[in-house]
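Here's the letter readout for the chains.
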Amino acid sequence: MKQNHGGGIPVRKTLLTLFITVFIFVTTTAVFQPGRAEAATLRHIFVISVDGLSYEGFTSSSVPNIKHLAGEGVMDEKCLAVRAETPEAAQASMLTGTIPEQHKFYSAEDRIQMASIVDVLKQGNRSFMIYDGSGGKLRSFNYGEAHYASFEASLSDQELLAKVTEIFKQHRPYYNYIVLDDCREALLTLDDNYYYRTVAQTDQAIGDFLAFLRNERLYYDSIIVVTSPRSASSSDRVPLIVHGPGFQVGTRINNTLVIDVTPTLCMLSGLKPPQGCRGIPLYDALLYNSNERLGQLNQWVKALQEDRSANWQQYYVMQDEIYRNYHQIASMKEERKSIFDYAGQKEGVIADITKRMTIERFAFLAILLIMLAGYVVEYHILKKKFLLFR
């Protein structure tokens, strides 16, 4: 009897087809993961600080270039900004990763009391440049012509970014911090339509700058950050867009702070954040593989623990300040009471002196009357004696 071996062929073909299908699925899944991108070599960092840009202005204006950048990177539309009275105080918070109460840089005449990212870059032998479009309000960060350029505040954002392009071509610094001022100036006019038009013009200027980076083949090899250190509205919310090597693609994140930018850039540059930095790296925005995930989570937990400790220390400082103010108020109350007591005693002394003076006046008047009466009596006596001898 002949045995039929042909029945095993369809089975082998089925298994082979299944194996090929699984292999293709696994390889394509590994290569084409949503929200991820191949990390390129980091060559430059560009932080575009748009002073006066708010969440409301961003969502209500035509900003196709910034939104395209966000589509290729990471965005938090409602990033929490810094509350600062002056533009320079807010910019200093961005550069230090701290709040104004810590860095003490409230105005252009003040000296910053905290280390900033430029100090860290200098220690790490990384080149940097501050493009100060606020008219010189950040001159405390002036480390020389190769690291600081001041521009008149009257320059438009388009003109300023054109000058930034020329300076960058000459020095090509690793870290570039660019301050744009048009949106803040438009905000001061209190004209919403003019403000939205200005935001759109700033977006066009940023688009031209991004086109320059593409032409220089730096767009995908550079970290590009677009945000505002303080909000133009009471919501305290600003957009935060980050694009470049080390970041995910087409990703939305939440609950970020603008002071998180500096520690994030330091971490991706292989540098420690500035001493006293209160921000936390944007771990949920970073690009990582499955092997790095646990390490990133551990770093996040460590950063949160450090921030928790720093918050408690700040709480103790605030408590000390409260107690100090309480004791000062109590001392002022005691001093006030002493003043009132002294005033009361003074009034009593004055009343007593007035009473004595009144008594003395009456006594003097009485003595004067007695003396006058004596003179009258003596006059009559002498008169009688004189008449007896006539």
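As the structure is a prediction and not an experimental result, all values here were calculated from the model.

Rules used in this analysis
Residues numbered from 1 in each chain as written. Predicted model: local features only at pLDDT ≥ 70, side-chain atom pairs only at ≥ 80, totals over all residues. Heavy atoms only, no water. Helix = DSSP H or I, 4+ residues; strand = E, 2+ residues; numbered from the N terminus. Buried < 20%, exposed > 50% of the residue type's maximum accessible area, 1.4 Å probe, protein only. Contact = heavy atoms within 4.5 Å. Core = buried A, V, L, I, M, F, W, Y, C linked by side-chain atoms within 4.5 Å. Salt bridge = Lys/Arg side-chain N within 4 Å of Asp/Glu carboxyl O. Arc of directions from axis to C-beta. Pairing = 2+ DSSP bridges. Axes fitted to C-alpha atoms, helices over the stretch in contact; angles between N-to-C directions. 1 Å grid on protein atoms, 1.4 Å probe; cavity = no way out; pocket = protein on both sides within 12 Å on 5 of 7 lines; lining within 4 Å. Points joined across faces, edges and corners; volume = space filled by probe spheres on them. Nonpolar A, V, L, I, M, F, W, Y, C, P; charged D, E, K, R; others polar. pLDDT = per-residue confidence, 0-100. Phe/Tyr/Trp six-rings, centres within 6.5 Å; stacked < 30°, edge-to-face > 60°. Parallel < 35°, antiparallel > 145°, perpendicular 65-115°, else oblique. Left-handed = near helix turned anticlockwise from the far one by under 90°.

Q: Lay out the overall build of the protein in plain terms, naming residues and giving numbers.
A: Helices and strands together make up the secondary structure of the protein, namely 11 helices and 8 strands. Expressed as a percentage of the 390 residues in the protein, the buried residues total 39%. Sequence-distant contacts, at least 24 apart, represent 67% of the contacts inside the protein between residues at least 6 apart.

Q: Which residues make up the nonpolar core, and what values go with them?
A: By size, the foremost hydrophobic cluster in this structure holds 45 residues, and its most contacted members are Val-47, Ile-117, Tyr-175, Tyr-177, Val-225 and Leu-265. For this core, the leading source of residues is helix 4 (residues 87-96), giving 5 residues. Contact partners of Tyr-175, with chain neighbours within four places excluded, come to Ile-45, Val-47, Leu-95, Ile-117, Leu-121, Ser-127, Phe-128, Met-129 and Leu-265. Grouped together as the second largest cluster of nonpolar side chains are 37 residues, Ile-66, Ile-167, Cys-183 and Ala-205 included.

Q: I'd like to hear about the pattern of salt bridges, residue by residue, with values.
A: This model, assessed by the stated rule, comprises 9 salt bridges. With its nearest N and O atoms 3.6 Å apart, the salt bridge here joins Arg-230 to Asp-51. Here Asp-51 lies in the loop between strand 1 (44-50) and helix 2 (55-60) and Arg-230 lies in the loop between strand 6 (222-227) and strand 7 (237-243), a separation of 179 residues in the sequence. Residue Arg-230 is classed as buried on the basis of its relative accessible area of 16%. Three or more residues are tied together by salt bridges with common partners; here these are Asp-51, Asp-181, Arg-184, Glu-185 and Arg-230.

Q: Before we move on, can you summarise helix 3 (residues 64-71) with the specific residues and values?
A: For the α-helix, the turn length of 3.6 residues means that residues three or four positions removed from each other point alike. Every buried residue of helix 3 is accounted for by Ile-66, Leu-69 and Ala-70. When helix 3 is viewed along its axis, its buried side chains cluster within an angular range of 100 degrees and face the same direction. Looking at the buried residues of helix 3, the elements they touch are helix 2, strand 2 (74-80), helix 9 (192-215), strand 6 and strand 7.

Q: If you had to explain the sheet that holds strand 8 (residues 251-252) to someone new, which residues and values would you point to?
A: What the 8 strands build is an open sheet, ordered 4-3-5-1-6-7-2-8; its pairing is mixed. Each edge of the open sheet is held by one strand with a lone partner, namely strand 4 (148-150) and strand 8. Where strand 1 lies against strand 5 (residues 175-180), 6 bridges are found, and the strand directions are parallel. Opposite Val-47, over in strand 5, you have Tyr-177 as the bridge partner. Relative to strand 7, helix 3 is tilted by about 55 degrees, and along the sheet it contacts strand 2, strand 6 and strand 7. Of the strands in this sheet, strand 1, strand 5 and strand 6 are in contact with helix 9, which crosses strand 1 at around 175 degrees.

Q: Just give me the short version of empty space enclosed by the protein, but keep the residues and values in it.
A: Overall, the coordinates contain 2 cavities of 30 Å³ or more when judged by the stated rule. In this structure, the largest cavity encloses a volume near 40 Å³. Taken together, Val-50, Leu-53, Phe-58, Val-63, Ile-66, Val-199, Thr-202 and Asp-203 form the lining of the largest cavity. Among the elements that take part in the lining of the largest cavity, helix 9 stands out by supplying 3 residues, more than any other. Its residues assigned to classes, the lining of the largest cavity shows 6 nonpolar, 1 polar and 1 charged. Val-47, Met-94, Ile-117, Tyr-175, Tyr-177, Val-261, Thr-262 and Leu-265 together form the lining of the second largest cavity.

Q: Outline the confidence of the model for the protein, listing residues and values.
A: In low-pLDDT regions, the fine details of the predicted coordinates are not to be read closely. Predicted confidence across the protein gives a mean pLDDT of 83, with 82% of residues reaching 70 or more. The low-confidence segment residues 1-8, where pLDDT is below 50, has 0 contacts with residues more than four positions distant or belonging to other chains. Contacts from residues 24-38, a stretch scored under 50 in pLDDT, to residues over four places away or in other chains number 10 contacts.

Q: Can you tell me about the packing of aromatic side chains, naming the residues and giving the values?
A: Counted under the stated rule, the structure contains 8 aromatic pairs. Relative to Tyr-196, the ring of Tyr-195 has its centre 5.7 Å away and its plane inclined at 55 degrees; by these criteria the two rings are tilted. A residue is classified by how much of its surface remains accessible, and Tyr-195, at 6% relative accessible area, is buried. Note on Tyr-196: relative accessible area 27%, which makes it partly exposed. Aromatic side chains Phe-209 and Phe-212 sit 6.1 Å apart centroid to centroid with 35 degrees between the ring planes, which places their arrangement in the tilted category.

Q: A description of the environment of Gly-135 should follow, citing residues and the corresponding values.
A: In this fold, Gly-135 is placed in the loop between strand 3 (128-132) and strand 4. Overall, the relative accessible area of 42% leaves Gly-135 in the partly exposed class. Beyond its immediate chain neighbours, meaning those up to four positions away, Gly-135 contacts Ser-150, Phe-151 and Ala-153.

Q: Account for helix 10 (residues 261-268), naming residues and giving values.
A: By the criterion of burial, helix 10 is predominantly enclosed, with 6 of the 8 residues buried. Taken together, the buried positions of helix 10 are Val-261, Thr-262, Pro-263, Thr-264, Leu-265 and Cys-266. Residues of helix 10 that are buried sit in contact with strand 1, helix 4, helix 6 (117-123), strand 5, strand 6 and strand 7. Directly beyond the C-terminal end of helix 10, a positive phi value near 75 degrees is found at Gly-270.

Q: Go over the packing of helix 7 (residues 157-171) against helix 9, please, and point to the residues and values.
A: Think of two packed helices as two axes; the pair is described by the angle between the axes and how far apart they sit. It is the contact of helix 7 with helix 9, at a shortest axis distance of 9 Å, that shows an interaxial angle of 20 degrees. It follows from the interaxial angle that helix 7 and helix 9 lie roughly parallel. For the pair helix 7 and helix 9, the sense of crossing is right-handed. Residues Asp-157, Gln-158, Leu-161, Val-164, Thr-165, Phe-168 and Lys-169 of helix 7 form the contact with helix 9, whose own contacting residues are Thr-202, Gln-204, Ala-205, Ile-206, Asp-208, Phe-209 and Phe-212.

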